[in-house]
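# Architecture at a glance
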Amino acid sequence: MPEFLENKYARLWIDQGILFVTYKPDTVLDLRAAIRLTSDRLSLQGEKAYPVFVDFRGVKDLTRQARNYLAGEGALYIHVLGVYTPSPLGRLMAYFYIKANAPAIPTGIFPRKKEALHYVKTTVRGENDPGAIREQHRIHRVYPDNFKAQIAHVEDMFLALATGNFQCRIERSYKDDLSEYITVLLNMTAEELDAAFVPRTHAQQLCGDYLWGRTAFVLDRHLQIREFHPEVIKALGLDAGTMAGLSFLSLLAKDSGHTWNDVVSRLQQETERTVVLYVKTGGGLLLPVSCRVSVLYGTDPESGQALSVSFLNTAYDRDEKNQPLPGSRAEPGGNAPAVKKKETRNTIALTAADRLLIARARIYILHHVDEPLLSLKELAHIFGTNEFKLKYGFRSILGTTVFRFQRAERLKRAKLLVLNTNVPLKDIAGSIGYASASHFYKAFKKVYGETPHKFRKHLGAREISEGLG
């Protein structure tokens, strides 16, 4: 079994009974990175659980999808997790992960390496250690040159949140200062609010339903704005008088610049691409918009190739569970069949407290996925609600029933173990709560199309890892 692995996100090795993970500089820890790291970690560990020390200094951003994954499937075979991050920004992201995602394993955040190592060596899984979460958020008040402008963006962000717009973001500077600390805190808070409340009103207010799918911009061969939809400009709070001849790239966040350049490059061989771009608003905030970029050909050969940019919807307007990984069959342009949702009759309004309750029930199931699920009545009693609200809440927010959710999470965990370990299939069945191996095989085949044995044989951990990288 190898003692060292490296991928484009991190280096992993085992030394003196501790698994070390050191992130590489400027790592964006998104869902794809989290899946790849978990796959490599399980390959390195084999069938043995380890305490894990994480050097978090290289991480410059941590997405909500990655946090959710790392708190669930990504925590397999980890006894205790010690996070070393000396910067206030890194501690904020790690602390937010603990408070928002409630990982089941003891997790500590430390500004000094020796403290994190000591915690990993001495903390026993299952202990209720009040020092497991170190709230070390002392920040040197170093104000950046553009602090007044940043404060204006923060004010706009608060106003957006107050009016129910949880989809806007403040553009990141990636500097380790007070302004960036506040920016990350607000952006992560907005992500959580957006996932909890799933507002539709702002998407309608932005451009109106009648505008989604229509062309927002037409660009010339120099990628400058030649034509635009006036209602889109008005809704974004931009000045229509400055649009003509403006580079479309100037309307995008810096982080979307690389994405846009990649799309333009791909359109040399293709005619259409769908991509999420962060578009600037007049108030200086960012709005993630799913855009269809298409090639236009004119009759005048001297005019060259032009592009049209259509706004499909806000990127957060769809529920997170329906967001496919890039390149998957469910991605726009793929071959996955459309799923028609059933209309819900006799709907009831879920309060913020109800949504929080469903979130807590979801976390409870994730943490007890290897145990027999309680009855709906028992589960409702634990969270101080009734069976109807629990059932309705799960269907409304997660789009499934309580029992189907647990089964899906069990099989996700099983898939991870099948692909990345040599654990016998019968043992995997038992570890996720299946008393009968045959029932596990049938359930697995129903979801993934093959028995666990064939799935492990045909795919294998390396192929999956390379496909995700």
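A brief look at the structure comes next.

Reading the values: the criteria
- Residues numbered from 1 in each chain as written.
- Predicted model: local features only at pLDDT ≥ 70, side-chain atom pairs only at ≥ 80, totals over all residues.
- Heavy atoms only, no water.
- Helix = DSSP H or I, 4+ residues; strand = E, 2+ residues; numbered from the N terminus.
- Buried < 20%, exposed > 50% of the residue type's maximum accessible area, 1.4 Å probe, protein only.
- Contact = heavy atoms within 4.5 Å.
- Areas by Shrake-Rupley, 256 points an atom, 1.4 Å probe, with all protein chains shown as cover.
- Core = buried A, V, L, I, M, F, W, Y, C linked by side-chain atoms within 4.5 Å.
- Salt bridge = Lys/Arg side-chain N within 4 Å of Asp/Glu carboxyl O.
- 1 Å grid on protein atoms, 1.4 Å probe; cavity = no way out; pocket = protein on both sides within 12 Å on 5 of 7 lines; lining within 4 Å.
- Points joined across faces, edges and corners; volume = space filled by probe spheres on them.
- Polar contact = N/O pair within 3.5 Å; in protein donor to acceptor, adjacent residues only side chain to side chain.

What follows concerns the overall build of the protein. The secondary structure content of the protein amounts to 17 helices and 14 strands. A total of 469 residues make up the protein; the buried ones form 46% of that total. Of the contacts made within the protein by residues no fewer than 6 positions apart, 68% connect residues no fewer than 24 positions apart. Entry remark: accessible area of the protein is about 24500 Å², with carbon and sulfur atoms responsible for 52%.

Counting residues in each nonpolar core, the largest one holds 59 residues, and the members touching the most others are Val21, Tyr23, Leu29, Phe56, Ile428 and Phe440. Counting 36 residues, the second largest nonpolar core, distinct from the first, contains Val154, Val275, Leu285 and Val295.

For the structure shown, the criterion picks out nine salt bridges. Here Arg11 makes a salt bridge to Glu6, at a shortest N to O gap of 3.4 Å. Ionic pairing is found between Glu409 and Lys412, a salt bridge with its closest N-O pair at 3.2 Å. Of this pair, Glu409 and Lys412 are both found in helix 13 (residues 402–420), three residues apart, which corresponds to roughly one turn of the helix. A cluster of three or more residues bridged by salt bridges with shared partners is formed by Glu6, Arg11 and Lys24.

Before going further, it helps to spend a moment on empty space enclosed by the protein. Going through the model one piece at a time under the given rule, you end up with three cavities of 30 Å³ or more. What lines the largest cavity is a set of 21 residues, among which Tyr23, Leu29, Val54, Leu70 and Leu81 lie closest to the centre. Secondary structure elements with two or more residues in the lining of the largest cavity: strand 3 (18–23), helix 1 (31–45), strand 5 (50–55), strand 7 (78–84) and helix 3 (88–101). When residues in the lining of the largest cavity are grouped by element, the largest group, four residues, is from helix 1.

What follows deals with the side chain of Glu409. Here Glu409 falls in the buried class, since its relative accessible area comes to 9%. A polar atom in the side chain of Glu409 sits 3.2 Å from the side chain of Lys412. If we ignore the near neighbours within four places in the chain, the residues touching Glu409 are Glu73, Leu366 and Val369.

Our next topic: the side chain of Thr38. As for its position among the elements, Thr38 is in helix 1. For Thr38, a relative accessible area of 2% puts it in the buried group. A polar contact of 2.8 Å, which involves the side chain of Thr38, links it to the backbone oxygen of Ala34. If we ignore the near neighbours within four places in the chain, the residues touching Thr38 are Tyr69, Leu70, Glu73, Gly74 and Leu416.

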